[in-house]
There are 2 protein chains.
Amino acid sequence: MTPRLARLVPILDWGRRYNRAALQNDLLAAVIVTIMLIPQSLAYAMLAGLPPEAGIYASILPIILYAIFGTSRALAVGPVAVISLMTAAAVGEVAQQGTAGYAAAALTLALLSGLFLLVLGIFRLGFIANFLSHPVIAGFITASGILIATSQLKHILGVRAGGDTLPEMLGSLLANLGQVNPITLAIGVAATALLFWARKGLKPALIRAGLGEGLATIATRAGPVAAVVVTTLAVWGFGLEARGVSIVGRVPQSLPPLTKPDLSFDLVRALAMPAILISIIGFVESISVAQTLAARRRQRIDPDQELIGLGMANIGAGLTGGYPVTGGFARSVVNFDAGAETPAAGAFTAIGLAIAALALTPLVYYLPQATLAATIIVAVLSLVDFGILRRAWAYSRADFAAVAGTILLTLLLGVETGVSAGVILSVLLHLYHTSRPHIAEVGLVPGTQHFRNIRRHEVRTHPELLTMRLDESLYFANARFLEDKVLDRVSDDKAIRHVVLMFPAVNAVDLSALETLEALNERLGEMGVTLHLSEVKGPVMDRLGRSRFLDHLSGQVFLSQWDAIETLTPTVCGGGAVTTRDAAAP
Amino acid sequence: MTPRLARLVPILDWGRRYNRAALQNDLLAAVIVTIMLIPQSLAYAMLAGLPPEAGIYASILPIILYAIFGTSRALAVGPVAVISLMTAAAVGEVAQQGTAGYAAAALTLALLSGLFLLVLGIFRLGFIANFLSHPVIAGFITASGILIATSQLKHILGVRAGGDTLPEMLGSLLANLGQVNPITLAIGVAATALLFWARKGLKPALIRAGLGEGLATIATRAGPVAAVVVTTLAVWGFGLEARGVSIVGRVPQSLPPLTKPDLSFDLVRALAMPAILISIIGFVESISVAQTLAARRRQRIDPDQELIGLGMANIGAGLTGGYPVTGGFARSVVNFDAGAETPAAGAFTAIGLAIAALALTPLVYYLPQATLAATIIVAVLSLVDFGILRRAWAYSRADFAAVAGTILLTLLLGVETGVSAGVILSVLLHLYHTSRPHIAEVGLVPGTQHFRNIRRHEVRTHPELLTMRLDESLYFANARFLEDKVLDRVSDDKAIRHVVLMFPAVNAVDLSALETLEALNERLGEMGVTLHLSEVKGPVMDRLGRSRFLDHLSGQVFLSQWDAIETLTPTVCGGGAVTTRDAAAP
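Residues numbered from 1 in each chain as written. Chains lettered and ligands numbered in written order. Predicted model: local features only at pLDDT ≥ 70, side-chain atom pairs only at ≥ 80, totals over all residues. Heavy atoms only, no water.

Participant: Pulling in residues and values, what's your account of the pattern of salt bridges?
Facilitator: All names here are of chain A. Scanning the model with the defined rule gives 14 salt bridges over all chains in all. For Asp-385, the salt bridge goes to Arg-391, with nearest N and O atoms at 3.3 Å. Owing to a relative accessible area of 31%, Asp-385 belongs among the partly exposed residues under this scheme. Note that Arg-523 and Glu-483 form a salt bridge whose closest N and O atoms lie 2.7 Å from each other. Taken together, the residues Arg-523 in helix 23 (residues 511-526) and Glu-483 in helix 22 (residues 476-492) connect sequence positions 40 residues apart. A relative accessible area of 8% places Arg-523 in the buried class. Members of the salt-bridge network, linked through shared partners, are Glu-441, Arg-489 and Asp-493. (Salt bridge = Lys/Arg side-chain N within 4 Å of Asp/Glu carboxyl O. Buried < 20%, exposed > 50% of the residue type's maximum accessible area, 1.4 Å probe, protein only. Helix = DSSP H or I, 4+ residues; strand = E, 2+ residues; numbered from the N terminus.)

Below, the structure is given as C-alpha cells:
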C-alpha cells in the first residue's frame, strides 16, 4: 500500500489499526446518533420538500462513502438544515413539490454537487471556499435560519403556504391565516415548547437528578425523540388525523433504492449554479465542524481530501434516492461527544438507519408534521446570531456592510441570490478598501535614522524632497491612487525636485502597478523631477528586475531611506537649510 | 465666483485669463484638428454602423460641453475606434443596422452612458475605473484593434459580411468571398498602402525636403485627407459608382439636429450594461490621454471632474444625433502638438465641424467606403500590441493569464463579454495570488537581533517555539491559509509549545481574518500551545483592540520579535540548548 493511496483512501490507514476498544466506542456512538438522526432526517426531508424517506436514504450510503474517503474521525454526514433549504429553493425552480420530477431533480442536484466537489478535490482547489468571507457566511447562516424557521410556521399553523423569500413567505402565511387548524397549532406549540425546554432546562434538571454531565448532554439531545413519541401517540390515541392534523403517513419499508439521476442538458444547466453554491456552502460548513473537532484531539484534516469525501457522499446520495448532504454540526458533535473514535462509527450509524428504514418506518405513520416543524425551528434558531452585526459594526464598517447586505439580500431575494451577492459584495469591499491604501508623507525624526509621518510627528524635511511611504501592496486597483497622490503634491509644490517612494510594506507589485510606476516616472521626468525608491523588499526587487523599469527609472533604488536622504539632501542629515515641521493634527 | 463653482465649471477659471495669444494658438490648432476630424468622423460612424453624419454630429456639441466642464486643456472629445465598435456591438443587439431604430438606440446609449458618467463624477466614484487592470485594458485594446480591422475588410473587398466575433467575421467574409468587387478592392488596397506610407515614410521624406519636425508631423496626420481627396476624385472622374463601388452618398447639409433619445424601459434595460462598459472603457482611455498631455505641462487633471466633462459630452451626443464619445488619443495629440492652449481650441473645432456639416457634406458624396475602411484599418493597427504578451509573461504568469484571457475572450466572444470576463479574471487572479501569501518560518540570526527565513539562512531556533512571519495583509481569502500552515506544523511537531506570528508586513486584518485568528487561538489552546503576536502595526493593533481577541489570546503581543524570544525562550538569546539550522535549499 503506497502512502499516496492511503492519503486518497484514508480507511486503508485507520482500518489497519482498528481494535476492539475502538469498536465498542464506535458502536455506542452509532446507537446514540442513529436515534437522534431518525426524526432529524424526516424533518430535513420535509424542509427540502421531499418525501420523508429521502432524508433517511440520504444518511445511509453517504455516511459509508464519507467513512471511506473522508479524513475527519468524527464528522457525521447527512442532510442539514441550510442545504435542505437551498435544495428546496433550487429544485423548486425546475419542478413542483410533491411530483416525481421534484424528487428526480433533487437526485440530479446531489450528483452534480458531488461531481463538482470531487473535481475541486482532485485538482486541489479547496481554497475556493476561502472566498466566502466570514461576514458573508455569518450573514447567510443567520438569514437562512430565519427563512427556515419561517418556512416551517405553516406546519405549526396547519395551513398551506409557500414562498422562497421572507416577504413571500409572510405574505402567503397571512393570506392563509383563516385556515389555521387549532389542534395542529396546539401540537406544534406544545412540541416547540417541549423542545425549547429540553434544550435549556432539561440538562440542569438531569444533572440535579444525579446524572453525569456527559450523559445529561446526550439525553438532552434525545429531546426530539421524546417529542416525536409523545405527539405520535397523541395523534394515534385521539384519532387527530381525522381532525385535520397533517401526519407523515406511509413511508416505504425499504433499503435505499438504486436511482439514476436525470442528466438531461436543460436540467443540468438549470441546476449547475445551485449545485455549485450548495457544494461550497456545504463544504465550508462541514470543514469548520471537522476542524473544530479535529483540533480537540490535535488531529489534522486535509481540506482537499475532505472535498473528495463529501463529493463521494453526494454522488452516493444522488444514486440512492437522497439529496445533497454535508457534515452537520449537531450530529457530528453528538457523535464526537458519544465517543466515536473512527469513521467506522459512521458506518455503524448507516447500518442502524438501514434497519430503521426497513423496520421502523410504520412507527412514524401517525407522526404529526407539526412536530417535525417544531424540531426544525428549535434546531435552526440556534443558527440565528444577530450579535454578528454588533461585533462587525464595532470592528469595521466594511465588514458590517458585508454582513448586513448578505442578511438583507438573502431574506429579500432568497438563498442563492443572497449568498452570490454577499460574495460579490465582500470582494468589492475588499478591493475598495485596498484601493485607497494608507500613504504617509514622511520626514526624518531629528537625531535618529527613523522616518515618520509628517502629520503625526515633528520631523525634518527638505523642500526639494518629497518622501511617501505606501502601507499596502501595489496592484491594479490602487496604483493609480498612489500616482494621483504623488502628482497632486508635485503639481502643487513647484520646489520639489526628488520624489522617493518608500516600499517597506509593499509585498507585491503587479503589472498594472509596474506600468503605473513607469508612467509616473515618465511624467515626473517631464516635470523635471526624479523618482527614487527605497527599502524595496527582495521579492519585489527581483520582479522589478524582470522588467525594463529599473533601466528607465530617472533616480535610484536605495537600500534604506537614510541612504536616500544622505545622497539626495545631505543637509537634512547634517542639519543645514531644512524645515522642521511641527506635528499637525491629522 | 466661489472656488467650488470654478472647480465644477472649469471654464470660469481659464476663461477669465483668456488673451489674444492663446486665441491665435487655439484657432490654429482648431483648423488643423477640423481637417483631420472630417474623414475620421465619417469613418468611425461607419464602424459604429451609423450614417456618416452621426460621426460629425457626435463631434460638435460634445466638444463644446467638454470645453466647459472638462479639466484637460488639450483633450479632444469625439467618436473613437474602440467605442464605435462597442456601440455597434451593443446597438446591434437591439436593432438592425440601417434602420431608424438603430440610430435611435445609439442616441439612448450615448445618453445612458453620459448619465452614468455624470453620476460617477458627482459621487466622486472615479476610482471604479481602477478595477480595469492594465493587462485587461491592454488585452482588450489589442483584441478590439483586431476585431475592428477585420470588420472593415468587407468594405475593402466590396462584399457584404457581418459578425461580432472574430470567427463570425472570418466565416462571413469567407462565405461571401465570391462577390469581391475588384475595383473596390483596388481602391481599398491603394488607400491602405498610401496611408501606411504616410505614417511611416512621409514624415522622414518631408523632413528631408526641409520641413520642420513639428510641421512634418502635422502634415503626416493629413494623410487621410489626401487619401480621401484622391479616391473621391477617382470615383467621380471615372464613374466608378456605376461599377459597384460603394460610396458615402448623400449626407444631409444640416447643423446637428435636436434629438430625444427613446427611454422606454425595455431599451434602457437592454442597453444599461453596455452603456456602463462603454463609459468605463471610454473614461479609462480618455483619462490616460489627458494625464499624459497634462504632465507635459506640469498641469493636473481632476479625474472626478473629467467624469462630469465626459458625462456632459455624452449627454450632448445623445441629444444632437450623435453616439457615445470620449477623449481620443490621436485627435488629442494632434490638438496638443498644433499648440492648443485652452479648451477653447475644442470649441473652435466644433465651429469648424459645424461649418463642414452645413457646407462641405456634398463634397464627400463620391467618397468610397473602402477609403474610410482603409483609414480605420491603418489607425487601429497601431492599437494592436502583442508585445504586451511577452512583457507580461516575463513579469508574472498571473498578469500574462489576464492579458491572454482577455484577448482570447474578446476575439472569440465579442467586446462586452471579453472585457467583463477580463475584469472578473483579473480580480480572481489578484485574490488567488493574495490568498496564498508568502509565509516564512523564521529564526534568530546568531549575534544579531534579526530574524530570517530558516530555509534561506543559518539561524537559531528552539524546539518549543514556532515563529512564522506573514508577508501580506490578512483577509478572508488568505486567513485560512495561514491557519492551515500553522496547524499543520503544530500537528506534525508535538514539541511545539509556543507559536509567534510576526506581523511587520500585515497592513490590515479584516473580520474574517480576526475570526480565523480567534479560531486558531482556541484550537492551539486545545492542543496546549499558546499563541503570540509580534511587531503588530499601530492601525492593526487599534483595530484588534476593538474586538475581544486580545482578551482571549492565550499568549502576549510583543513589540518586537526579540522581546518575544527573550521572554519565551531566553536560552536562544543566551546560547543554551537550541538548534542551529543550516540553510536548506528552498
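Participant: If you had to explain the UniProt feature "domain: STAS" (unreviewed entry) in chain A to someone new, which residues and values would you point to?
Facilitator: Sites flagged by UniProt as "domain: STAS" (unreviewed entry) map to residues 455-568 of chain A. With 46% helix and 18% strand, residues 455-568 of chain A has end C-alpha atoms that lie 22 Å from one another. (UniProt positions renumbered as here; feature names shortened; annotations may be inferred.)

Participant: An account of the pairing of strand 3 (residues 439-444) of chain B is requested, with residue identities and associated values reported.
Facilitator: Residues and elements named next belong to chain B. The buried fraction of strand 3 amounts to 6 of the 6 residues, a majority that puts the element mostly inside the structure. The two faces of strand 3 match: Ile-439, Glu-441 and Gly-443 on one face and Ala-440, Val-442 and Leu-444 on the other face are all buried. Sheet topology places strand 3 next to strand 6 (residues 465-470); 3 bridges connect them, and they run antiparallel. Bridge pairing in strand 6 places Ile-439 opposite Leu-470. As paired strands, strand 3 and strand 4 (residues 451-453) are joined by 3 bridges and run antiparallel to one another. Considered in strand 4, the bridge of Gly-443 is made with Arg-452. Where strand 3 folds back onto strand 4 in an antiparallel hairpin, the turn is made up of 6 residues, including Gly-447, whose phi is positive at roughly 80 degrees. (Pairing = 2+ DSSP bridges.)

Participant: An account of helix 17 (residues 369-381) of chain B is requested, with residue identities and associated values reported.
Facilitator: All names here are of chain B. Between its first and last C-alpha atoms helix 17 spans 18 Å; for 13 residues at 1.5 Å apiece the expected length is 18 Å, and the two agree. The buried fraction of helix 17 is high, at 10 of 13 residues. The complete set of buried residues in helix 17 reads Ala-370, Thr-371, Leu-372, Ala-373, Ala-374, Thr-375, Ile-376, Ile-377, Val-378 and Val-380. Summarising the contacts, the buried residues of helix 17 are in contact with helix 3 (20-47), helix 6 (81-92), helix 8 (134-157), helix 10 (182-208) and helix 12 (223-238). (Expected span 1.5 Å × (residues − 1). Contact = heavy atoms within 4.5 Å.)

Participant: Could you give me a rundown of the environment of Ala-290 of chain A, with the residues and numbers involved?
Facilitator: Residues and elements named next belong to chain A. Along the chain, the position of Ala-290 falls in helix 14 (residues 265-296). The exposure class assigned to Ala-290 is buried, which follows from its relative accessible area of 0%. For the pair formed by Ala-290 and Gly-49, sequence separation is 241 residues and the distance between their alpha carbons is 28 Å.

Participant: Describe helix 20 (residues 415-435) of chain B, and please don't skip the residues or the numbers.
Facilitator: Relative to the 30 Å expected for 21 residues at 1.5 Å per residue, helix 20 of chain B spans 30 Å between its end C-alpha atoms, a close match to the ideal helical length. Along helix 20 of chain B, the residues that are buried comprise Val-415, Gly-418, Val-419, Gly-422, Ser-426, Val-427, His-430, Leu-431, Thr-434 and Ser-435 of chain B.

Participant: Break down the relation of the copies chain B and chain A for me, with residues and values.
Facilitator: The two copies are related by a screw motion: chain B maps onto chain A through a turn of 180 degrees and a shift of 0.0 Å along the axis, at an RMSD of 0.1 Å. Classification of the inter-copy transformation places it as that of a two-fold axis. Closest approach to the rotation axis among the C-alpha atoms of chain B is made by Ala-505 of chain B, whose C-alpha sits 2.7 Å away. (Least-squares fit on C-alpha atoms with pLDDT ≥ 70 in both.)

Participant: Got a sec to walk through the side chain of Ser-151 of chain A? Specific residues and values, please.
Facilitator: All names here are of chain A. Position of Ser-151 relative to the elements: it lies in helix 8 (residues 134-157). What makes Ser-151 buried here is its relative accessible area of 11%. When neighbours within four sequence positions are excluded, Ser-151 is seen to be in contact with Leu-47 and Met-169.

Participant: Break down the packing of helix 14 of chain A against helix 15 (residues 303-319) of chain A for me, with residues and values.
Facilitator: Helix-helix packing is characterised by the crossing angle of the two axes and by the distance between the axes. Residue and element names in this part refer to chain A. Between helix 14 and helix 15, the least distance of the axes is 11 Å, while the angle of their chain directions is 120 degrees. Looking at the two axes, helix 14 sits oblique to helix 15. Crossing handedness for the pair helix 14 and helix 15: right-handed. Of the residues in helix 15, those touching helix 14 at Phe-283, Ser-286, Ile-287 and Ala-290 are Pro-303, Glu-306, Leu-307 and Leu-310. Taken together, the residues of the contact of helix 14 with helix 15 sort by class into 6 nonpolar, 1 polar and 1 charged. (Axes fitted to C-alpha atoms, helices over the stretch in contact; angles between N-to-C directions. Parallel < 35°, antiparallel > 145°, perpendicular 65-115°, else oblique. Left-handed = near helix turned anticlockwise from the far one by under 90°. Nonpolar A, V, L, I, M, F, W, Y, C, P; charged D, E, K, R; others polar.)

Participant: Just give me the short version of the packing of helix 12 (residues 213-221) of chain A against helix 16 (residues 329-337) of chain A, but keep the residues and values in it.
Facilitator: All names here are of chain A. For the pair helix 12 and helix 16, the least separation of the axes is 11 Å and the interaxial angle reads 145 degrees. Crossing of helix 12 against helix 16: the hand is left-handed. The residues of helix 16 that touch helix 12, namely those facing Thr-217, Ile-218 and Arg-221, are Ala-330, Val-333, Val-334 and Asp-337. When the residues that make up the contact of helix 12 with helix 16 are grouped by side-chain class, the tally is 4 nonpolar, 1 polar and 2 charged.

Participant: If you had to explain the packing of aromatic side chains to someone new, which residues and values would you point to?
Facilitator: The final tally for this structure, using the stated rule, is 10 aromatic pairs over all chains. Between Tyr-475 of chain A and Phe-476 of chain A, the aromatic rings sit 5.1 Å apart at their centres with planes inclined by 70 degrees, giving edge-to-face as the arrangement. As far as burial versus exposure is concerned, Tyr-475 of chain A and Phe-476 of chain A are alike and both buried. Connected via pairs of aromatic rings, a cluster forms that spans Phe-127 and Phe-131 of chain A together with Tyr-432 of chain B. Across the ring face of Trp-393 of chain B, the terminal group of Arg-397 of chain B is positioned such that the distance to the ring centre comes to 4.0 Å. (Phe/Tyr/Trp six-rings, centres within 6.5 Å; stacked < 30°, edge-to-face > 60°. Lys NZ or Arg CZ within 6 Å of the ring centre and 35° of its normal.)

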